[in-house]
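# Secondary and tertiary structure notes
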Amino acid sequence: MSSKALDQFLNENLNDLKERGLYNEIDPVESPNGPVIKIGGKELVNLSSNNYLGLATNERLKEAAVEAVKEWGVGAGAVRTINGTLALHTRLEEKIAKFKSTEAAIAFQSGFNCNMGAISAVMNKHDAILSDELNHASIIDGCRLSKAKIIRFNHSDMEDLRQKAKEAKESGQYNKIMVITDGVFSMDGDVAKLPEIVEIAEEFDLITYVDDAHGSGVLGKGAGTVKHFGLSDRVDMQMGTLSKAIGVVGGYVAGKQNLVDWLKVAARPFLFSTSLTPADVTACTEALNILMESTELHDRLWENGNYLKKGLKELGFDIGDSETPITPCIIGEEKTTQKFSKRLYEEGVYAKSIVFPTVPRGTGRVRNMPTAAHTKEMLDRAIAIYEKVGKEMGII
Ligand SMILES: *Cc1c(COP(=O)(O)O)cnc(C)c1O
């Protein structure tokens, strides 16, 4: 017999979401997640993945993963601290550190796990964390788990950060204070003001933590936002994911050797959750080899991003102030935004609508993520469909 209380909870909440039009139906993709995908039997230009460099379907990565399975099997067999650290994991971590120009790095099973594990391994209830109000959900959860005092500052507002850092420092209430930010904010594509953040951090002795999920592979010739600003030895903790530009799955923290030594004994997902599989680790290592050999994919990503932005802007769409290939197309009202995205789908473009509460009310947008794998023909097709739907709905 099932619990009545649980049934009541589930039904009430599901119905409530459905009534408010907030229940998310998930569309399974019937093809590899490349630049063109198939959903519901329809071929669509895919502008919704985080597969920035097209590596999720890259032939070299696929081959490396298949070879790894043949030689090492499908599972790592244990958590990292028992005997789930294969030579493959160590090799990947050395490569990440080299790629990031840091002393060391530690890999986790996901970017989400990194933030849950690393923040709470370093911060505790006697500390405070200054957190940008638009930081990712995994940062918010990692901060909560640490039990440190969370002090939100206005998005990229350096006056506000400075003021709050000063207050926290002068209060004498906290043992340690951290400032934590996304490197690239994925809703608008804007970049954190790292040079100012680092200056404030140095003035008030703050620990610096940058979540570069959307900056790695994209900025700094691929090495990320911290490298882009030349701050590799002035940021304490660089977190990144292996699931976006790198195209596979997993996450990492890069920094000094003593930081990584500590995370290896204190970050709970590292200690209590089975490590990344041989195929994943080997594919990630091959991805880093590709990025360190040449900037070709990075360059093509930017070329495609600029091409799409120019096309949409010339049509008269509001594409915001993105500083990266992420291209929001701001429609405004929530219902209109959802209808716009649905019409794009019907015409052959997969670009998800993002509305309140993910972004402020009245700033609903369709977010486009061009990748290195798109061809000019695919982008032209998408732009033509945007023109058709935009005119039909009176948006341009
Ligand atoms: C996607 C994302 C994560 C989580 O990374 P996963 O590897 O997908 O778990 C963390 N932080 C930010 C800013 C992200 O965008």
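So, how was this worked out
Residues numbered from 1 in each chain as written. Predicted model: local features only at pLDDT ≥ 70, side-chain atom pairs only at ≥ 80, totals over all residues. Heavy atoms only, no water. UniProt positions renumbered as here; feature names shortened; annotations may be inferred. Pairing = 2+ DSSP bridges. Helix = DSSP H or I, 4+ residues; strand = E, 2+ residues; numbered from the N terminus. Contact = heavy atoms within 4.5 Å. Axes fitted to C-alpha atoms, helices over the stretch in contact; angles between N-to-C directions. Buried < 20%, exposed > 50% of the residue type's maximum accessible area, 1.4 Å probe, protein only. Arc of directions from axis to C-beta. Salt bridge = Lys/Arg side-chain N within 4 Å of Asp/Glu carboxyl O. Domains from an automatic or database assignment. Buried area = accessible area lost by both parts, 1.4 Å probe. Polar contact = N/O pair within 3.5 Å; in protein donor to acceptor, adjacent residues only side chain to side chain. Nonpolar A, V, L, I, M, F, W, Y, C, P; charged D, E, K, R; others polar. Expected span 1.5 Å × (residues − 1). Parallel < 35°, antiparallel > 145°, perpendicular 65-115°, else oblique. Left-handed = near helix turned anticlockwise from the far one by under 90°.

As recorded in an unreviewed UniProt entry, the protein goes by Glycine C-acetyltransferase and comes from Falsibacillus albus. Database annotation for the protein, UniProt heading Sequence similarities (unreviewed entry): "Belongs to the class-II pyridoxal-phosphate-dependent aminotransferase family." Per its UniProt entry, the protein bears the Subunit (unreviewed entry) comment "Homodimer."

## A look at the sheet that holds strand β14 (residues 353-354)
Taken in spatial order, the 3 strands of this open sheet run β12-β15-β14, and their pairing is antiparallel. Only two strands of the sheet have a single partner each, and these edge strands are β12 (327-332) and β14. Strands β12, β14 and β15 (364-368) of the sheet are contacted by helix α14 (residues 334-347), whose axis makes an angle of about 30° with β15.

## Remarks on helix α8 (residues 194-204)
Taken together, the buried positions of α8 are occupied by L194, I197, V198, I200, A201 and F204. Buried residues of α8, viewed axially, fall in a sector of 160°; they line one side. Where α8 is buried, its residues meet α7 (158-171), β6 (177-182), β9 (207-211) and α9 (225-228).

## Quick notes on the pattern of salt bridges
Taken as a whole and judged by the stated rule, the model has 23 salt bridges. Across the pair R343 and E346 runs a salt bridge, and its minimum N-O distance is 2.8 Å. Taken together, the positions of R343 and E346, both in helix α14 and 3 residues apart, correspond to about one turn of that helix. A residue is classified by how much of its surface remains accessible, and E346, at 36% relative accessible area, is partly exposed. The salt bridge partner of E392 is R343, with a shortest N-O separation of 2.6 Å. Of this pair, E392 sits in helix α15 (residues 376-392) while R343 sits in helix α14; the two residues are 49 residues apart in sequence, bridging distant segments of the chain. Judged by relative accessible area, which is 42%, E392 ranks as partly exposed. Linked through salt bridges whose partners overlap, the residues forming this network are K342, R343, E346, E347, K388 and E392.

## Let's talk about the domain arrangement of the protein
By a widespread convention, an interface's size corresponds to the accessible area lost as its parts come together. By domain assignment, the protein separates into domain 1 (21-50 + 295-393) and domain 2 (59-293). The C-alpha-based centres of domain 1 and domain 2 are spaced at 28 Å. Taken together, the contact pairs 20 residues of domain 1 with 17 residues of domain 2. For the domain 1 face of the interface with domain 2, the top three residues by lost area are N50, H298 and E323, together amounting to 32%. Our count for the contact surface shared by domain 1 and domain 2 stands at 1 salt bridge. Residue D188 pairs with R365 through a salt bridge whose shortest N-O separation is 2.8 Å. For the interface between domain 1 and domain 2, the tally reads 8 residue pairs in polar contact (both at pLDDT 80 or more). Sorting the residues of the side of domain 1 that touches domain 2 by element identifies α13 (296-315) and β15 as the ones contributing at least two each. Ranked by residue count, the leading element in the side of domain 1 that touches domain 2 is α13, at 5 residues. Here the side of domain 1 that touches domain 2 is composed, by residue class, of 9 nonpolar, 6 polar and 5 charged.

## Considerations on helix α1 (residues 4-19)
With 16 residues, α1 extends 22 Å between its outermost C-alpha atoms, agreeing within 8% with the 22 Å of an ideal straight helix rising 1.5 Å per residue. Taking the backbone nitrogen of A5 as reference, a side-chain oxygen 3.3 Å away marks S3 as the first, capping residue of α1. Backbone geometry just downstream of α1 places G21 in the positive-phi region, at approximately 70°.

## A look at the packing of helix α4 (residues 87-100) against helix α12 (residues 278-293)
For the pair α4 and α12, interaxial distance at closest approach is 9 Å and the crossing angle is 25°. Relative to α12, the element α4 is oriented roughly parallel. Note that α4 runs across α12; the crossing there is left-handed. Here L88, H89, R91, L92, K95, I96, K98 and F99 of α4 lie close against α12, whose contacting residues are P278, V281, T282, C284, T285, L288, N289, L291 and M292. In the contact of α4 with α12, the residues fall into 10 nonpolar, 4 polar and 3 charged.

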